[in-house]
Amino acid sequence: MIKAIVYMSETGHTKGYAELLGESTDLPVYDLNTAMRELPKEAEIIYLGWLMAGSVKGYKKAVKQFTVKAVCGVGMAGGNSQIADMQKANRLPEGLPVFYLQGGFEMDKLHGIHKLMMKTIRSGLKDKADRTPEEEEMRKLLLQGGNLVSADRLSEVLAWYDRNK
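First, a word on scope: everything that follows refers to the structure included in this document. Since we're looking at a predicted model, the values are computed, not measured.

**A short note on the pattern of salt bridges**
Close approach of charged atoms allows side chains of opposite charge to pair. For the coordinates displayed, the defined rule picks out two salt bridges. The closest approach of N and O atoms between Lys15 and Glu19, which form a salt bridge, is 4.0 Å. Here Glu19 and Lys15 lie together in helix 1 (residues 13–25), a separation of four residues that amounts to about one turn. Look at Lys15 and you get partly exposed, because its relative accessible area is 37%.

**Brief notes about the packing of aromatic side chains**
Each aromatic ring pair is described using two quantities: the centre-to-centre distance and the angle formed by the ring planes. Per the counting criterion, the structure on display carries one aromatic pair. Positioned above the aromatic ring of Trp50, the side-chain terminus of Lys57 is 5.9 Å from the ring centre.

**Digging into the nonpolar core**
Among the nonpolar cores identified, the biggest contains 28 residues, and Leu39, Ile45, Tyr47, Tyr59 and Phe66 are the most heavily contacted of them. Mapped onto this core, the elements with two or more residues apiece are strand 1 (4–8), helix 2 (32–38), strand 3 (44–52), helix 3 (59–65), strand 5 (67–75), helix 4 (83–90), strand 6 (98–102) and helix 6 (133–144). Not counting residues within four places of it along the chain, the set of residues in contact with Leu39 comprises Ala4, Val6, Tyr30, Ile45, Gln65 and Phe66. With 19 residues, the next largest nonpolar core counts Leu27, Cys72, Val157 and Trp160 among its residues.

Reading guide: rules and limits
- Residues numbered from 1 in each chain as written.
- Predicted model: local features only at pLDDT ≥ 70, side-chain atom pairs only at ≥ 80, totals over all residues.
- Heavy atoms only, no water.
- Salt bridge = Lys/Arg side-chain N within 4 Å of Asp/Glu carboxyl O.
- Helix = DSSP H or I, 4+ residues; strand = E, 2+ residues; numbered from the N terminus.
- Buried < 20%, exposed > 50% of the residue type's maximum accessible area, 1.4 Å probe, protein only.
- Phe/Tyr/Trp six-rings, centres within 6.5 Å; stacked < 30°, edge-to-face > 60°.
- Lys NZ or Arg CZ within 6 Å of the ring centre and 35° of its normal.
- Core = buried A, V, L, I, M, F, W, Y, C linked by side-chain atoms within 4.5 Å.
- Contact = heavy atoms within 4.5 Å.

Read these as spatial facts, not as claims about activity.
Below, the structure written as structure tokens:
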């Protein structure tokens, strides 16, 4: 039985989804570091982490301590095309439910190498002539910023949870 929602957030988008999911499921919500101290080893959890190059941040640490029943990756792109990359990059077990949630982008909340990397990506997309619709959406988000966290985007996760309580 799932006992909690655990997350790692860089700019607040993943935290926002974790809190919305907690409200909808009545499950307690913990950031990963607090969960490591307060939840029992092997507790069943839903894990949410921000994405960087397909890697769900904090997942490796979470799976060593808890029984992860589902994984949600939070990133900038639209659509679910990131799920295969998430499965591969994190070596997720076959059959583990994996969800992608579009979070947003806010340059002022980034620090260090992450900020530098995103400035480089933004510059590359800004000058690219032949952009796909997905690249155009990403370009706008990178240039203008924005928070796309929404309870509506949790519908697939909540449907899965309702079937697996």
